[in-house]
Amino acid sequence: MAEAFLLIAAATGATLLLTVSAALIGIVLGAPLVLLAQSRSAILRGIYTVFVHVVRGVPALVWLFIAFFGLAELGIVLPALASAVLTLGIIAIATMAEIYRGGLAAIRQGQYEAGWALSLGRWSLAKDIIFPQLFRAVSPTTATYIVGLLKDSALASIIGVPEIVYVTGLEVQSLGHGLELFLFAGLIYLALSIPLGVVSRVIHVRLTRRYAVL
Amino acid sequence: MDKRMDPVHTDTRAIEVEHSSGHSFVQAEHLVKRFGEHRAIDDVSLSIAKGEVISLIGPSGAGKSTLLRLLNVLETPDSGTLRVGDAAMTFDGTPVKRARVLAIRRHTGMVFQSFNLFPHLSAVQNVALAQMRVLGRSKDEARTRALAQLERVGLAAKADAYPSQCSGGQQQRIGIARALAMDPDLMLFDEPTSGLDPEVGAEILAVMRELAADGTTMVMATHEMEFARHVSHWTCVMVEGAVIERGAPAQVFDAPEHERTRRFLSAVLGR
Amino acid sequence: MSSFLPTTPAPLSWLWDWYQWIPTLLPGLGTALLLTLVSVGVGYPLGFGLALLTETRSALARWFAIVVVEVGRGLPILVLLLLVYRGLPSVGILFDAFLSASVALVWSSAAYSAEIIRTGLGAVPRGQFDAAYALSMNRTDMYRLIVLPQALRVSIPPLVNLGITMFHATSLATVITVEEIMHIANLEGSIYFRYMSVFMAAAVIYLAITVPVSLYADRLAKRLGGVMTVRKTVLRRPAGSVPVSAES
Ligand SMILES: Nc1ncnc2c1ncn2[C@@H]1O[C@H](COP(=O)(O)OP(=O)(O)OP(=O)(O)O)[C@@H](O)[C@H]1O
Ligand SMILES: [Mg+2]
């Protein structure tokens, strides 16, 4: 039993690896995607809308199976871990783009107008005025989403990535004690998400202590 | 009315434009701005000499804010011409040249009804930012000048405060300092006091009175009739996108020519 | 060069022949919708109860509600499913696959909806409660007539979105052998080795349900939000401004 707990705890590394990689992919690549949504071209905006609705309108499990079984059928054989990162990463891109879009929508038109009236260039307007406010506006939502990704990463167990849930399943199969072991796995998720929530709240309070976000 | 003394040339549909340019600093001719079918600005011409203070009055929705926003091209006119100092533009519905717009904006400063301060920057940073990014001033110089402008509006003590830590009146004074720090030749004020308590509004009006006394060229949309009357050199009455009457404040307020002006004044002045 | 490739369907055939699988998958959609209905129909009322419990004076009730909500939200739904299906039997509680999935999804949806409803209730200004008390309304009427209608305006769009999340989550029940869409898809895919085609069909089925509902949720949010915005603008009309109608 003690050994089972240790093995499960050790699988936390894989869970974190999945979570962090997907989060980074989303945070970085969501940014260029949201530019499509802001574009003046109706076609580019349409592409954005379709992409986001299709990616988020299908359960992650379907994408995971497509990435793992489907691509293999097309001759693109990805290891389970890579399939999981790819799947969670693409979903994260669409989700982060939506989060950025919400943050941009929350910035008042007057902020842009004040910048224009002061003759600020496009780059300075983006870097000095919009980005800092966007960053503060999206940081709580992003933190919540990363906790969501942490939980979504459990999906990877279904295609055999040795993360927490997969290892727990193996141990339960050989030892029984399903209740204790799955509860233990659940506690690890709680233990991981609670500090993330606290840290993000502290960061947010730091960032916004001196001013109301909007 | 003595036409020679009237540099505010604002006849609604009149085509004649006398003494164009000459000593006028701002020259706007036949400006039209549509929002869909609605003509928010309907053929307005206006010329302003250096050092003049113009007040725009009129009912809500008349187009005062829109006219101000045309003067620094925050809104692009559908047609007409605009010259501010040496920067001139002609509008005919084709896309405008960015460089031209920037040339006009470099001459103007704007103060907004809702302040529009940058919430993530302190007062002094709000005032310094554009000096560094647009005028290329060094950080130290921008800061020194920012502090001087804050001093001028009586807010030296609040230099390191963030907008959320300032009262509405203080925020608006920061907004004025921010615009002034760019050394504009023309200041545009869009109802700078209407979001504020009357008492606090008086602080702002005091600052503006000083600016006027210093010879700053200003155009302001305002509901403060007393202020329009006593501080501005010329008053324009706007109704439904047109300037229906213009002249010296004493004349507009005491002997309005237009029936519509009379109705407006009696509604706001309650007499 | 490709002479030794086995004769399989054209490599891109999944782009156009996916529709063949739709009839096979439809019974799975029925199961998925039924599970969604259960998790929403049972979960939301429970969530409302939990939301009220987290505000009560009894510390015991409050802590009970907080633990149920935090565990329901903090654990992956997959873990909840396995806990119920493979964990509870070790203490002698045996549910069949569908019932296990129902219990886990209801738990999850109750926990998330509790949080949404709590936020909605919190968004009702204090003054509304004061006004109701000042009018000597009783508590039931106050909640029914004053508080809930305003709280729902805030809560309904996220509750609709949570419904979509629960619908998606039913796909996880495949790991405990519930015969929903993905279970059938996986089976068929492995029999014919036509994964791409089958999963495309599955994706289309999910999209056909999700996209209309989420577009509706967006519209609803805009409309319900719009009501509030209009009110704010009216309140913010500058003191000195004269409405056009006053003098014309
Ligand atoms: N961006 C816009 N889109 C559509 N219509 C607009 C826009 N801006 C202004 N308008 C319309 O143009 C007209 C003039 O508006 P404007 O804000 O200039 O009036 P105003 O005289 O400043 O009124 P107030 O005293 O209320 O500030 C109004 O009918 C307004 O609804
Ligand atoms: Mg206005």
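Rules used in this analysis
Residues numbered from 1 in each chain as written. Chains lettered and ligands numbered in written order. Predicted model: local features only at pLDDT ≥ 70, side-chain atom pairs only at ≥ 80, totals over all residues. Heavy atoms only, no water. Helix = DSSP H or I, 4+ residues; strand = E, 2+ residues; numbered from the N terminus. Buried < 20%, exposed > 50% of the residue type's maximum accessible area, 1.4 Å probe, protein only. Contact = heavy atoms within 4.5 Å. Areas by Shrake-Rupley, 256 points an atom, 1.4 Å probe, with all protein chains shown as cover. Lys, Arg positive; Asp, Glu negative; His and termini not counted. Charge placed at Lys NZ, Arg CZ, Asp CG, Glu CD. Pairing = 2+ DSSP bridges. UniProt positions renumbered as here; feature names shortened; annotations may be inferred. Buried area = accessible area lost by both parts, 1.4 Å probe. Polar contact = N/O pair within 3.5 Å; in protein donor to acceptor, adjacent residues only side chain to side chain. Axes fitted to C-alpha atoms, helices over the stretch in contact; angles between N-to-C directions. Salt bridge = Lys/Arg side-chain N within 4 Å of Asp/Glu carboxyl O. Core = buried A, V, L, I, M, F, W, Y, C linked by side-chain atoms within 4.5 Å. Patch = residues over 30% accessible without salt bridge, like charges linked within 9 Å, V, L, I, M, F, W, Y side chains within 5 Å. Near = heavy atom within 4 Å. Nonpolar A, V, L, I, M, F, W, Y, C, P; charged D, E, K, R; others polar. Expected span 1.5 Å × (residues − 1). Arc of directions from axis to C-beta.

### Structural notes on the overall build of chain B
- Helix and strand content of chain B: nine helices and 10 strands.
- Across its three principal axes, chain B shows a C-alpha extent of roughly 50 × 45 × 35 Å.
- A burial count over chain B gives 58% of its 271 residues as buried.
- Pairs at least 24 apart in sequence give 63% of the contacts found in chain B among residues at least 6 apart.
- When the accessible surface of chain B is totalled, it reaches about 10900 Å², and 49% of it is carbon and sulfur.
- If the 31 positive side-chain charges of chain B are averaged to one point and the 34 negative ones to another, these points end up 5 Å apart.

### Notes on the pairing of strand β10 (residues 242-247) of chain B
Residues and elements named next belong to chain B.
- With five of six residues buried, β10 is to be regarded as a mostly interior element.
- Where strand β9 (residues 234-239) meets β10, five bridges bridge the pair, whose relative direction is antiparallel. Across the sheet, the residue bridging to valine 239 is alanine 242, located in β10.

### A short note on the UniProt feature "domain: ABC transmembrane type-1" (unreviewed entry) in chain A
- The UniProt record annotates "domain: ABC transmembrane type-1" (unreviewed entry) at residues 12-200 of chain A.
- The straight-line gap between the two end C-alpha atoms of residues 12-200 of chain A is 20 Å; of that span, 84% is helix and 0% is strand.

### Some remarks on the UniProt feature "transmembrane region" (unreviewed entry) in chain A
- The UniProt entry lists residues 46-69, 76-97 and 181-203 of chain A under the feature "transmembrane region" (unreviewed entry), expressed in the numbering used here.
- Here residues 181-203 of chain A runs as 100% helix and 0% strand, with 34 Å between its end C-alpha atoms.

### Considering the interface of chain A and chain C
- Taken together, the contacts link 33 residues of chain A with 38 residues of chain C.
- Taken over both partners, the interface formed by chain A and chain C buries close to 3000 Å², and the fraction arising from carbon and sulfur atoms is 78%.
- Looking at the side of chain A facing chain C, the largest losses of area belong to Glu73, Lys151 and Phe182 of chain A, adding up to 20% of the total buried there.
- Put simply, chain A and chain C have eight residue pairs in polar contact (both at pLDDT 80 or more) between them.
- Taken together, the elements giving at least two residues each to the side of chain A that touches chain C come down to α3 (42-57), α4 (60-73), α8 (164-175) and α9 (178-208) of chain A.

### Comments concerning the environment of leucine 129 of chain B
- For leucine 129 of chain B, the position within the fold is in helix α3 (residues 123-133).
- With a relative accessible area of 8%, leucine 129 of chain B lands in the buried category.
- The sequence separation of leucine 129 of chain B and arginine 143 of chain B amounts to 14 residues, and the corresponding C-alpha distance is 8.9 Å.
- Setting aside chain neighbours within four positions, we find leucine 129 of chain B in contact with Leu120, Asp128 and Ile129 of chain A together with Phe118 and Leu121 of chain B.

### Structural notes on the sheet that holds strand β7 (residues 186-190) of chain B
Residues and elements named next belong to chain B.
- The strand order across the open sheet formed by six strands is β6-β7-β8-β3-β9-β10, and the pairing between neighbours is mixed. Since the sheet does not close on itself, it has two edges, and those belong to β6 (108-111) and β10, each with one partner. The average undirected angle you get between the axes of adjacent strands in this sheet is 20°.
- Relative to β7, β6 runs parallel, the two being bridged by four bridges. Residue pairing in the sheet places methionine 110 in a bridge with leucine 188 of β7.

### Quick word on the pattern of salt bridges
Residue and element names in this part refer to chain C.
- Counted by the stated rule, this structure contains 22 salt bridges over all chains.
- Taking the shortest distance from any N to any O, the salt bridge between arginine 118 and glutamate 55 comes out at 3.9 Å. Linking arginine 118 in helix α5 (residues 97-122) with glutamate 55 in the loop between α2 (22-53) and α3 (59-74), this pair joins segments that are 63 residues apart in sequence.
- Judged by its relative accessible area of 53%, glutamate 55 falls in the exposed class.
- Measuring nitrogen to oxygen at the nearest pair gives 4.0 Å for the salt bridge that ties arginine 73 to glutamate 70. Residue arginine 73 and its partner glutamate 70 are located together in helix α3, separated by three residues, close to a single helical turn.
- Look at arginine 73 and you get partly exposed, because its relative accessible area is 24%.
- Using a relative accessible area of 36% as the deciding quantity, one classes glutamate 70 as partly exposed.

### Quick word on the side chain of threonine 108 of chain B
- For threonine 108 of chain B, the position within the fold is in strand β6.
- Setting aside its immediate chain neighbours within four residues, threonine 108 of chain B contacts Ala117 of chain A together with Leu71, Asn72, Val84, Pro184, Leu186 and Leu188 of chain B.

### Digging into the nonpolar core
- Membership of the largest hydrophobic core comes to 156 residues, with the highest contact counts inside it found for Leu82 and Val219 of chain B together with Leu25, Leu81, Ile181 and Met182 of chain C.
- In terms of residue count, helix α5 (residues 80-106) of chain A provides more of this core than any other element does, 13 residues in total.
- If sequence neighbours within four positions are ignored, leucine 82 of chain B has contacts with Gln27, Ala28, Leu70, Leu71, Val73, Ala87, Ala88, Met89, Phe91 and Ile104 of chain B.
- Ranked by size, the runner-up nonpolar core spans 35 residues in total, among them Val111, Ala123, Ala128 and Leu205 of chain B.

### With respect to a nonpolar patch on the surface
- On the surface, Leu16, Val20 and Leu24 of chain A cluster together into a nonpolar patch covering about 250 Å² of accessible area.
- Tracing the chain through its elements places valine 20 of chain A in helix α2 (residues 12-38).

### A look at the site of ligand 1
Residues and elements named next belong to chain B.
- In the region of ligand 1, 13 residues are neighbours, and Ser60, Gly61, Lys64, Ser65 and Thr66 sit closest.
- In this structure, an oxygen atom belonging to ligand 1 sits 2.8 Å away from a main-chain N or O atom of lysine 64.
- In isolation ligand 1 exposes 630 Å². Once the protein is present, 62% of that is buried.
- Of all the secondary structure elements, the ones that give two or more residues to the shell around ligand 1 are β2 (38-49) and α1 (64-71).
- Examining the composition of the shell around ligand 1, we find that three residues originate from one element, α1, more than from any other.
- Counted by class, the shell around ligand 1 contains four nonpolar, seven polar and two charged residues.

### Quick word on helix α6 (residues 198-213) of chain B
Residues and elements named next belong to chain B.
- Across its 16 residues, α6 extends 22 Å between first and last C-alpha, which sits within 8% of the 22 Å expected from 1.5 Å per residue.
- Residues of α6 that are buried include every one of Gly201, Ile204, Leu205, Val207, Met208, Leu211 and Ala212, and no others. One side of α6 holds all its buried residues, which, seen down the axis, span an arc of 155°. Exposed and oriented more than 90 degrees from the buried face of α6 are Glu199 and Ala213.
- Here the buried face of α6 lies against β3 (53-57), α4 (139-152), α5 (168-180), β7, β8 (217-221) and α7 (225-231).

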